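# Descriptive analysis of the structure
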Amino acid sequence: MQPLHSVFGSGPDNAESSKRHFPQERATLHDAGSSTNEPKTPEPMHSIPARGGIDYDESPFLAIWEVTQSCDLACKHCRAAAQPIAHPDQLTNAEGKALIDQIADLHIPVFVFTGGDPLKRSDVFELIRYAAAKGVHVALTPSATPLLTREAIFKLKEAGLVRLGISLDGSTPEIHDAFRGLPGAWARTIQAIEWANEAGIPIQVHSTISRHNALDLDNLCALFEKLAIVMWNVFFLVPVGRGQLADLLSGEEFEQVFGKIYELSHRVSFQIKTTEAMHYRRYLLQHNLEERKFSHAHGNGHGPRTANHEPRQHEPGPPTDRSSSVGYEPGAPTADAQARSHAWVTRRVNDGKGFMFISHTGNVYPSGFLPIHAGNIRETPLADIYRNAPIFKALRDTARLRGKCGACEFKEICGGSRARAYALTGDPLAQEPCCIYQPRNWHPREEGEPAAICQPALATPLVTL
Ligand code: SF4
Ligand code: SF4
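## Notes on the site of ligand 2
- Within the structure, ligand 2 sits among 15 residues, and C405, C408, C414, G416 and C435 are positioned closest to it.
- Taken together, the residues that form the shell around ligand 2 break down as 7 nonpolar, 4 polar and 4 charged.

## Describing the packing of helix 2 (residues 124–133) against helix 3 (residues 150–159)
- At a closest axis distance of 8 Å, the pairing of helix 2 and helix 3 adopts a crossing angle of 25°. Judged by the inter-axis angle, helix 2 sits roughly parallel to helix 3. At the point where helix 2 passes helix 3, the crossing takes the right-handed sense. From helix 2, F125, I128, R129 and A132 reach across to helix 3, where they touch K155, L156 and A159.
- A class-by-class count of the residues in the contact of helix 2 with helix 3 yields 5 nonpolar, no polar and 2 charged.

## Section: the site of ligand 1
- Contacts to ligand 1 come from C71, L73, A74, C75, C78, A80, A82, G115, G116, D117 and S143.
- Here the residues of the shell around ligand 1 sort into 7 nonpolar, 3 polar and 1 charged.

## Let's talk about helix 2
- Along helix 2, the residues that are buried comprise V124, L127, I128, Y130 and A131. Buried residues of helix 2, seen end-on, are gathered within an arc of 160° and therefore sit on one face of the element.
- Looking at the buried positions of helix 2, the neighbouring elements they touch are helix 1 (93–106), strand 2 (110–114), strand 3 (138–140) and helix 3.

## Side note on helix 4 (residues 173–180)
- Of the residues making up helix 4, those classed as buried are H176, D177, F179 and R180. When helix 4 is viewed along its axis, its buried side chains cluster within an angular range of 160° and face the same direction.
- The first or second residue beyond helix 4 is G181, which carries a positive phi of 75°.

## Looking at the environment of I153
- Note that I153 resides in helix 3.
- When the C-alpha positions of I153 and P142 are compared, they lie 9.9 Å apart, and in sequence the two are 11 residues distant.
- Ignoring any residue separated from it by four or fewer positions in sequence, one finds I153 in contact with A192, W195, A196, A199 and I201.

## Section: the nonpolar core
- In this structure, F111 and V138 are the most contacted members of the largest nonpolar core, which totals 110 residues.
- If one sorts the elements of this core by residue count, helix 7 (residues 251–265) sits on top with 6 residues.
- In this structure, C75, C78, A82 and F179 belong to the second largest nonpolar core, which totals 6 residues.

## Let's talk about the confidence of the model for the chain
- On average, the chain scores 79 in pLDDT, and the residues at 70 or more come to 71%.
- Contacts from residues 1–19, a stretch scored under 50 in pLDDT, to residues over four places away or in other chains number 34 contacts.
- Segment residues 455–465 is flagged for pLDDT under 50; beyond a separation of four residues in sequence, or across chains, it makes 22 contacts in the model.

## Structural notes on the packing of helix 1 against helix 2
- Between helix 1 and helix 2, the least distance of the axes is 10 Å, while the angle of their chain directions is 25°. The orientation of helix 1 with respect to helix 2, classified from their angle, is roughly parallel. Here helix 1 runs over helix 2; the crossing is right-handed. Seen from helix 1, the contacting residues are G96, K97 and I100; seen from helix 2, they are L127, Y130 and A131.

## Notes on the sheet that holds strand 6 (residues 231–236)
- Read across the open sheet, the 10 strands follow the order 7-6-5-4-3-2-1-8-9-10; overall the sheet is mixed. Sheet topology places strand 7 (271–275) and strand 10 (375–376) at the edges, where each strand pairs with a single neighbour.
- In the sheet, strand 4 (residues 163–167) pairs with strand 5 (residues 203–209) via 4 bridges, with the strands oriented parallel. Bridge pairing links S167 to H206 in strand 5.

## A short note on the environment of A423
- Examined against the element boundaries, A423 turns out to sit in helix 14 (residues 418–425).
- Contacts of A423, omitting those with residues within four sequence positions, involve V238, P239 and V240.

## Some points on the pairing of strand 8 (residues 355–358)
- Every second residue of strand 8 is oriented toward a common face, with F355 and F357 on one face and M356 and I358 on the other, all of them buried.
- Pairing between strand 1 (residues 62–66) and strand 8: 4 bridges, direction parallel. Paired with L62 across the bridge in strand 8 is F355.
- Direction of pairing for strand 8 relative to strand 9 (residues 363–365): antiparallel, over a ladder of 2 bridges. Bridge pairing in strand 9 places I358 opposite V364.
- As consecutive antiparallel partners, strand 8 and strand 9 are separated by 4 residues, and within that stretch G362 has a phi angle of approximately 95°, a positive value.

What counts as what
Residues numbered from 1 in each chain as written. Chains lettered and ligands numbered in written order. Predicted model: local features only at pLDDT ≥ 70, side-chain atom pairs only at ≥ 80, totals over all residues. Near = placed C-beta within 6 Å. Nonpolar A, V, L, I, M, F, W, Y, C, P; charged D, E, K, R; others polar. Axes fitted to C-alpha atoms, helices over the stretch in contact; angles between N-to-C directions. Helix = DSSP H or I, 4+ residues; strand = E, 2+ residues; numbered from the N terminus. Parallel < 35°, antiparallel > 145°, perpendicular 65-115°, else oblique. Left-handed = near helix turned anticlockwise from the far one by under 90°. Contact = placed C-beta atoms within 7 Å. Buried ≥ 20, exposed ≤ 12 C-beta atoms within 10 Å, placed from the backbone. Arc of directions from axis to C-beta. Core = buried A, V, L, I, M, F, W, Y, C linked by C-beta atoms within 7 Å. pLDDT = per-residue confidence, 0-100. Pairing = 2+ DSSP bridges.

Following this line, the structure appears as structure tokens:
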């Protein structure tokens with residue numbers, strides 16, 4: 001996603017609040033500085049700047065507000081285990097506006113209204129209008145229900161919505177509707193995207209990748225091209241809420257899907273972002289290095305290549321002189337690849353690091369998939385929770401990562417999904433369970449750690465490249 005605005009202030013004062021209150025956290029946050037987690041080699045990427053100069057210790061790049069948990073659908077993987085009726089204690093209109101004021105004060109570039117179904121709140125248009133007046137750019141992720149009418153979409157546009165994020169998990173009704181638990185959901189989603197195009201709202205499609213659709217990605221992208229979306233947000237399952245462990249891909253399967261996404265990123269017209277697959281950045285870095293080596297070895301152009309290694313036409317190459325390119329990073333994707341891959345734009349963002357989630361009742365979490373309660377905005381200012389809650393501070397400190405993530409040379413741009421580590425091990429600082437990469441200085445036998453936790457054996461690969 002392109003930055004929604006370019007104002008990246010330093011944020012409000014970091015003064016301690018007299019109303020500060022953090023809940024007790026679980027004993028899984030071990031002390032920092034374990035010798036097994038000390039980096040054994042100099043970190044090659046420790047100085048990579050955060051997106052747009054944001055100091056992620058002070059302010060996130062992205063905040064998500066679950067405006068309600070009410071939803072008329074019953075998706076199999078639903079993080080929120082959403083219900084039709086709103087919780088009686090969800091944030092009121094006045095509390096929502098007070099939250100928007102804090103988002104504005106923090107200059108958070110991207111603020112997302114999610115759910116549940118945000119359209120189940122009758123004041124959602126008023127809240128978007130209020131945010132727009134404060135200079136806060138709101139994106140919204142509605143559910144594909146009868147509430148998502150052409151009239152509602154045009155009303156969202158009129159209120160100031162800058163982007164619509166809508167879920168589409170399969171290229172056919174059979175795949176999507178089975179996953180969403182509602183016949184007709186696919187057709188309604190396609191119709192909503194067409195209305196949003198008509199209204200002039202940029203469309204971002206969210207797809208949750210699991211065993212039900214991992215073989216459908218080519219067809220999905222062909223459909224996305226026809227629908228003129230601007231971004232595809234690929235979610236990788238975290239088994240929380242109604243998410244099933246049995247649907248989770250293995251470490252090898254993650255790599256296969258990464259390969260497919262990387263290949264697709266070379267030929268689709270929209271950007272691709274990943275969610276809860278921080279190790280796609282490692283994959284991206286490794287393969288961009290390979291592309292450069294290939295280009296230099298063959299001396300026939302520096303541009304990125306298609307999957308069959310043919311040079312792409314009319315594309316700029318990587319900088320050949322570091323001094324000529326401000327911000328050049330060794331091994332970083334080319335400018336063209338960066339433009340195609342939002343995964344690189346948000347390098348370093350992780351659960352609790354550049355990212356926060358505010359629940360329908362005001363509870364704050366490092367992610368919607370990481371249910372460790374860090375505080376409540378009814379008791380503690382949002383900035384105070386983000387900057388000072390122990391769980392947020394621990395998650396931003398890569399020296400505290402355990403297992404092979406703690407030893408990994410990619411941990412500053414990756415660090416693994418903290419939510420998935422927590423979901424599978426109960427420890428938010430444990431190694432990413434679904435990464436097969438073996439860090440250079442990590443010796444699992446000495447460390448007493450498994451190479452990867454999530455490695456079910458499959459007879460056939462999920463994705464054929
Ligand atoms: S549409 Fe979203 S909130 Fe509603 S059940 Fe599905 S995943 Fe949950
Ligand atoms: S070992 Fe951890 S930090 Fe390294 S690439 Fe895998 S998930 Fe990322």
